[in-house]
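The residues making up each chain are set out below.
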Amino acid sequence: MAKPTMANENAPFDPYESIRYIPARYNYEDSDTSALNLILTLRPEWRGSKASVEFVRFTDGITNTLLKAINKQPGLSQAQIDNEAVLLRAYGKDTEVLIDRKKETSSHCLLARHGLAPALLARFDNGLLYKYLQGNVCSPADLRKPEVWRGVAQRLGQWHAELPINSISTTCPTPTQIAPSKTKRASLVAMADLTPGKPIPNVWTTMQHWILELPISTTQQLERRTLLQKELQWLVARLGDTPGVGGTNPFVFAHCDLLSGNVIVDPAPSSASASRRSSASGGSEENEPPATVSFIDYEYASPAPASFDIANHFAEWGGFDCDYTVLPTRHVRRAFLREYLYSFSMHMNRAVKESELDELFEQVDAFRGVPGFYWGIWALIQAKISLIDFDYASYAEIRLGEYWAWKRETNGERAAAAEQVPVRERRWAQDE
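Note that the coordinates shown come from a computational prediction; the quantities given were computed from them, not determined experimentally. The written sequence of each chain sets the order in which its residues are numbered from 1. Residue-level local features of this predicted model are given only where pLDDT is at least 70; pairs of side-chain atoms are given and counted only at 80 or more, and the full residue set underlies all totals for whole chains, interfaces and linings. Hydrogens and waters are ignored; side-chain quantities use all the structure's heavy atoms.

Q: Summarise the pattern of salt bridges; cite the residues concerned and give the values.
A: Every case where a carboxyl oxygen of Asp or Glu lies within 4 Å of a side-chain nitrogen of Lys or Arg is listed as a salt bridge. Inspection of every chain in the model, using the stated rule, returns 28 salt bridges. One salt bridge connects K145 with D142, and the closest N-O pair in it is separated by 2.9 Å. Think of it in three bands: residues with accessible area under 20% of the maximum for their type are buried, residues over 50% are exposed, and the middle band is partly exposed, with areas taken using a 1.4 Å probe on protein chains only. You can call D142 buried: its relative accessible area is 18%. Of the charged contacts, one joins E402 and R424 as a salt bridge, the two residues approaching to 3.7 Å between their closest N and O atoms. Placement of E402 in helix α16 (residues 392-410) and of R424 in helix α18 (residues 423-429) is noted, with a sequence separation of 22 residues between them. As far as burial versus exposure is concerned, E402 and R424 are alike and both buried. Overlapping salt bridges, with partners in common, bring together R89, R101, E104, D297 and E299 in one network. Each helix is a run of H or I in the DSSP string that is no shorter than four residues. Each strand is a run of E no shorter than two, and both are numbered from the N terminus.

This is the structure:
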């Protein structure tokens, strides 16, 4: 007798649905109580010692609430406590406008399967619970340390070489299949028209989505959105067909948010990384073996040109203060890219070519203004929705200012006006 077929037996695997779901919410007004309820639901064995459960709040990010839940039972060492710790990440208010949370969860699952992310333990109505990743959170100053940026370059090369983008995108989706509502269909049509034939979502269509979410209740707001839309189309025409390294896929699985707080340095030195040093390093100043690093927070992960992901990381060397005087010089960027290419090629089982270093260097240079455009739009939306104590409106103007300065430098307007070179552009052009 034939085995009966279940209705969903042949359905494609959905990583989001495979994650345990806890039907509860984190309450920002009653943080400890709601967080404890979520943790004890996940870890019922902690109920007997709930008096020793504590929460440590991280303040590095400006989008979400991040808490580390620990059970400080007597007799346990700090290492044992951290080994059982759980991270609770509650989504920022209304950030679904900016972030596809289902895609984020799928990205986390994929990364965990590749050993590049901590285990995802559960999802709840407005957040995620996952295993705590032991290590030291970087500061912007840490990113500028040779052993750290070399470790970042190696890890990023691995990401871009190994991770498939089809897990977080669909090639040329049919709007009516994905978004039944009229508004969402219009957004998808606009995204598909922006980058025809390319995976959706991608970094360009993400910006398109954000621009369409900008408020237009005043004439000034409408004019600004119209201008940003025009600029996005100009950017895509200029950079949208940037090739991949050595003819590889023009899009990689990009993190798209490699700020210092999302880089974790393993406290234990890596002998494997140290053994690779002599092969990858070409500079005399890099005397320390590269650190072993991991990346966290995958909510902005998306198909994107590798050049964007790298240029975006370089922009984060100045932190939220946007200190342009500490951005990597041409010499440091080239050393970083050499390390990145060595790792990328090793994980792709291909040889490194010097011509590819020259090509990638020029591509990253061409993308240096795009992160300011990307985060400037993002901050305009956050200024309207976020409850976090951060001046998003001013941050938006600073980041968009980076874009305008880059464009005026690129098209010759600044030189024609006989104006001084802006600090950021001057630093970017510096050799040493």
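Having seen the model, we can carry on.
Q: How would you summarise helix α4 (residues 101-113) if you had to cite specific residues and measurements?
A: One less than the number of residues in a helix, times 1.5 Å, gives the span that helix is expected to have. With 13 residues, α4 should cover 18 Å at 1.5 Å per step; its first-to-last C-alpha distance of 19 Å lies within 8% of that length. Among the residues of α4, R101, K103, E104, T105, S106, S107, H108, C109, L110 and L111 are the ones counted as buried. Measuring from the backbone nitrogen of K102 back to the side-chain oxygen at the start of α4 gives 3.1 Å, which picks out D100 as the cap. Just downstream of α4 lies G115, where phi reads positive at about 75°. Polar contacts here mean pairs of N or O atoms no more than 3.5 Å apart (in protein, one a potential hydrogen donor and the other a potential acceptor; neighbouring residues in sequence count only if both atoms are side-chain atoms).

Q: Residue-level account of the sheet that holds strand β7 (residues 136-137), with values.
A: Two strands qualify as a pair provided that DSSP identifies no fewer than 2 bridges between them. Overall, antiparallel pairing links the 3 strands, which are arranged β7-β11-β12 in an open sheet. Strands with a single pairing partner mark the edges of an open sheet, and in this sheet they are β7 and β12 (293-295). Taken together, the 3 bridges between strand β11 (residues 263-265) and β12 define a ladder with antiparallel strand orientation. Across the sheet, V263 pairs through a bridge with F295, a residue of β12. Throughout, a contact is declared for two residues whenever any of their heavy atoms are within 4.5 Å. Simply put, an axis is a line fit to the C-alpha atoms, just over the touching stretch for a helix, and the angle between two N-to-C directions goes from 0 to 180 degrees. In the packing of helix α6 (residues 146-162) onto the sheet, contacts are made with β11 and β12, and the angle to β12 comes to roughly 55°.

Q: Got a sec to walk through the environment of Q430? Specific residues and values, please.
A: In this structure, Q430 sits in the segment after α18. With residues near it in sequence (within four places) discarded, Q430 still touches T329 and R330.

Q: Outline the confidence of the model for the protein chain, listing residues and values.
A: Detailed reading of the predicted coordinates is not advisable wherever pLDDT falls low. The pLDDT value expresses, per residue, how confident the predictor is, ranging between 0 and 100. Chain-level pLDDT for the protein chain is 89 on average; 87% of the residues reach the 70-or-more range. This stretch, residues 172-177, has a pLDDT under 50; its non-local contacts, to residues over four places away or in other chains, come to 8 contacts. Between residues 271-279, whose pLDDT stays under 50, and residues either more than four places distant or in other chains, the model counts 14 contacts.

Q: Describe in detail α16, supporting the description with residues and values.
A: For α16, built from 19 residues, the straight-helix expectation of 27 Å at 1.5 Å per residue is met to within 8% by its first-to-last C-alpha distance of 27 Å. What α16 keeps buried is the set Y392, Y395, A396, R399, L400, E402, Y403, A405, W406 and K407. Contacts from the buried residues of α16 go to α10 (219-239), α12 (306-315), α14 (354-366), α15 (370-385) and α18. Just downstream of α16 lies G412, where phi reads positive at about 85°.

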